[in-house]
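# Coordinates in review
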Amino acid sequence: MDLFIGQLFTGLSTGSILLLAALGLSLTYGQMGVINMAHGEFIMAGCYTAYVTQQVVGDAGVSLLIALPIGFLVGGAMGLILEAVLIRHLYHRPLDTLLVTFGVGLVLQQVARDVFGAPAVNVTVPEFLRGGVDLLGATVPKTRLFIMALSIVAVTAVTLVMRFTPAGRRIRAVVGNRDLAETAGISSRTVDAGTFFIGSGLAGVAGVALTLIGSTSPTTGQSYLVDAFLVVVAGGMGRIKGAVVAAVALGTFQAVFETYSTASLAKVGVFIVIVVFLQLRPQGLFTLRTRSLA
Amino acid sequence: MPHRFTFKARDLARVLAASVGVIALAATAACGSKAGEETADVESCVDTSGDTIKVGALNSLSGTMSISETTVRDAIYLAVDEINAAGGVQGKEIEIVAEDGASEPTVFAEKAEKLIREDCVAAVFGGWTSASRKAMLPVFEDNDSLLYYPVQYEGLEASENIFYTGATTNQQIIPALDYLAETGVKSLYLVGSDYVFPRTANAIINAYAADKGIEIVGEDYAQLGSVEFSTIVNQVSASGADAVFNTLNGDSNVAFFREYANVGLTAAEMPVMSVSIAEEEVGGIGVENIEGQLAAWNYYQTIDSPANNTFVEAFKAEYGADRVTSDPMEAAYNSVYLWAATVEKAKSFDVADIQAAADGVSFDSPEGTVVIDGENHHVTKTARIGEISADGLLYTVWESAGPIDPDPFLDGYDWAADLSVTE
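Residues numbered from 1 in each chain as written. Chains lettered and ligands numbered in written order. Predicted model: local features only at pLDDT ≥ 70, side-chain atom pairs only at ≥ 80, totals over all residues.

## Some details on the overall build of chain B
The secondary structure content of chain B amounts to 13 helices and 15 strands. Dimensions of chain B, computed from C-alpha atoms along their principal axes, come out at roughly 90 × 60 × 40 Å. Of all 423 residues assigned to chain B, the portion counted as buried reaches 53%. A sequence separation of at least 24 residues applies to 71% of the contacts in chain B between residues at least 6 apart. (Helix = DSSP H or I, 4+ residues; strand = E, 2+ residues; numbered from the N terminus. Buried ≥ 20, exposed ≤ 12 C-beta atoms within 10 Å, placed from the backbone. Contact = placed C-beta atoms within 7 Å.)

Structure below.
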């Protein structure tokens, strides 16, 4: 099959995976400035949600579709608990938040190990997603097309919520100028909790989707954490559009580099691109221009 | 004029001379103590006075390799229980001290040191990745202890302090290549995890292929634990190779075979010969993704022999009827029995006595009779090619005429003469 077209789709696919993993982080880190190192573990929780749902429901196709909203709720609930118990007290101490959430991540990994066992568990891919589709001369696996579609749906949903719903407007107000929003009667604490809920819920959805591609084990989340942060930082904090562009760009770069060298060198190449880019434009691709003093 | 400290040339010379002197002294002191450490007899703290003798079980119970290594630990425990039930070794009950290598070579080295120095074990059973073995090698050599390593590996090693009960290349990889060549494979794509075993194995495969006229159309490495195989599978598919030789390890195999199946490749048109996929891994990958593919080992659960039937039954009775037995598990099981047999022959737990008595020690293992080669510390093994079938087990489709003598440095192969020992 045509290698170039295949790699193009690989780039888009990798980008969509990065986007799913980073979308939630773009809300919690990008908009709230909270460094949640346990984001990877929320993704892992989504993976195990899909596994448990499949154990209960049995049919792989049905369980996948049910697991998506359940994964959102599970991730969101975990985020809500984390926010209420720990992060709420550390809002102006980003380094402490980093350490605390890192510890929480380790604890969650061990919980997963104790509950599900250390080895990877198999989540069966549903029949309708097996095999590939011939597109422009390349065979693209259906699972990857599903993930691409899911990421588009997720971005669209988040954008619509942000733009047209009252809750979304409140979130944007708090992100734009927290103090002014509070004087307008918006409880920034409630809004923060809501943002964290949505962001972590998206991580859960990402986890469910990722069971189609990789293995589900307690350390699954770790593979996506650093990439998610890179996407958010390179895309510009607080802008979903930035995350989208950055994710697709990084995915494509990685696919292109990998074609001509090894996976390790491709990662190095991507990091170098990001470092150089951030030297030239430290604020990321798209920035949020506000009048707030914070 | 205020008195200022002026750094004259002669001061500089003095400072330089003093520095050189200090460095020289420090170096000789360090070298002196190091030489002292090497030549002085390392006191073994193994306590053979009581009714029990301690051994170490060092396996990855967490991390990317845990899917494979927890099974090896179970086999070690089974062997120890059986030997204890039969009266122990030299009349002493074996006591296991277990540690977690956490899939990190540095942790393996650290835990090995702890087992030898603090727990004073007579021998350690474990390790899996060659990276972990390479990290543990200096620990065992410096402390003059014994490691029994149960996994197939890339050869080119024969330490006095390690016994290798898994296959070396001429007992696994080379017979696999012979089998592929016999079935008419003319071009190969090599896919492996990026560490010492796949790199060295592929170097050997390249030398073999050059000699036999097989074309290597591609060679790709993925990071250990990587689950992103889209690019590699795309390249494999585009290459049109006759077969793929797979040296991936751990969770990577799950992602690789899923991607391979999703892109439309099949075992019939482009078979994958794997050396790290055994009965245990098949479940995690999903039988539907891997049915019909090939593996190269020396043992399969489906081997029909009295010794194996007893072993499989005992294992399932101990750990559950849905558990499976694999080659590294069987090799680990054998390693405990081989150690016990060597101790009985030497009538001592002392490392030097065991090394002296090891040659010719044999055990009627589930894979057949295995015999230790005292010179290179490997064992004789029969090579078997297996096919993964719909029930998730591997069935032998070809086996070597008899047990193959271990040749870790490939001295018996002309085409391997140029291969250097990679440290």
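So much for the structure itself; the text now carries on.
## Points about the pairing of strand β1 (residues 52-59) of chain B
All names here are of chain B. Counted residue by residue, β1 has six buried out of eight residues, so it is predominantly covered. As judged from the eight bridges shared by β1 and strand β2 (residues 93-100), these two strands associate in the parallel manner. Looking at β2, one finds that K54 is bridged to E95. One crossover worth recording links β1 to the parallel β2 by way of helix α2 (residues 66-85), and it is right-handed. The pairing of β1 with strand β3 (residues 124-126) spans three bridges and is parallel. For G56, the partnering residue across the bridge sits in β3 and is V124. (Pairing = 2+ DSSP bridges. Right-handed = clockwise from strand over helix to strand, strands pointing away.)

## Overview of the pairing of strand β11 (residues 362-365) of chain B
Every second residue of β11(B) is oriented toward a common face, the buried set being B:F363 and B:S365 and the non-buried set B:S362 and B:D364. In textbook terms, the turn of a hairpin is the stretch between consecutive antiparallel strands, and for β11(B) and strand β12 (residues 368-373) of chain B this stretch comprises two residues.

## Describing the packing of helix α3 (residues 60-85) of chain A against helix α8 (residues 188-210) of chain A
Residues and elements named next belong to chain A. Where α3 meets α8, the axes come as close as 6 Å, and the angle between the chain directions of the two elements is 140°. Considered as vectors, α3 and α8 are oriented oblique to each other. Here α3 and α8 pass one another in a crossing that is right-handed. A per-class count over the contact of α3 with α8 returns 15 nonpolar, nine polar and two charged. (Axes fitted to C-alpha atoms, helices over the stretch in contact; angles between N-to-C directions. Parallel < 35°, antiparallel > 145°, perpendicular 65-115°, else oblique. Left-handed = near helix turned anticlockwise from the far one by under 90°. Nonpolar A, V, L, I, M, F, W, Y, C, P; charged D, E, K, R; others polar.)

## Remarks on the domain arrangement of chain B
All names here are of chain B. Split into domains, chain B comes out as domain 1 (52-167 + 304-381) and domain 2 (170-303 + 385-416). Summarising the inter-unit geometry, the C-alpha centres of domain 1 and domain 2 are found 25 Å apart. Each partner contributes to the interface: domain 1 provides 36 residues, whereas domain 2 provides 30 residues. Among the elements of the structure, α2, α4 (130-142), α11 (306-319), α12 (327-346), β12 and β13 (378-379) are those that each provide at least two residues to the side of domain 1 that touches domain 2. Tallied by class, the residues present in the side of domain 1 that touches domain 2 amount to 12 nonpolar, 15 polar and nine charged. (Domains from an automatic or database assignment.)

## Some remarks on the interface of chain B and chain A
Of the residues lining the interface, 32 residues belong to chain B; the matching set on chain A comes to 32 residues. Broken down by secondary-structure element, the contributors of at least two residues to the side of chain B that touches chain A are α2, β7 (215-222), α7 (230-239), α8 (252-262) and α9 (279-285) of chain B. Residue contributions to the side of chain B that touches chain A peak at six residues, all from α7(B). Among the residues making up the side of chain B that touches chain A, the classes are represented as nine nonpolar, 17 polar and six charged.

## A word on the sheet that holds strand β14 (residues 384-388) of chain B
All names here are of chain B. One open sheet accounts for seven strands, arranged β7-β6-β8-β9-β10-β14-β15; its pairing is mixed. The open sheet has two edge strands with one neighbour each: β7 and β15 (394-399). Averaged over all neighbouring strand pairs, the angle between strand axes comes to 25°, with direction disregarded. Here strand β8 (residues 243-247) runs beside strand β9 (residues 272-274); their pairing, made up of three bridges, is parallel. In the sheet register, V244 faces β9, and the bridge partner there is V272.

## Digging into the nonpolar core
Side chains of a nonpolar character, in soluble globular proteins, are inclined to be buried together. Ranked by size, the top nonpolar core spans 194 residues in total, and within it A:L20, A:A22, A:V231 and A:A243 carry the most contacts. In terms of domain composition, this core takes at least three residues from each of domain 1 (52-167 + 304-381) and domain 2 (170-303 + 385-416) of chain B. Ignoring sequence-local partners within four residues, the contact set of A:A22 consists of A:A228, A:V231, A:V232, A:A243 and A:A247. Judged by nonpolar contacts, the second largest core, of five residues, contains A:V174, A:V175, A:A181 and A:V191. (Core = buried A, V, L, I, M, F, W, Y, C linked by C-beta atoms within 7 Å.)

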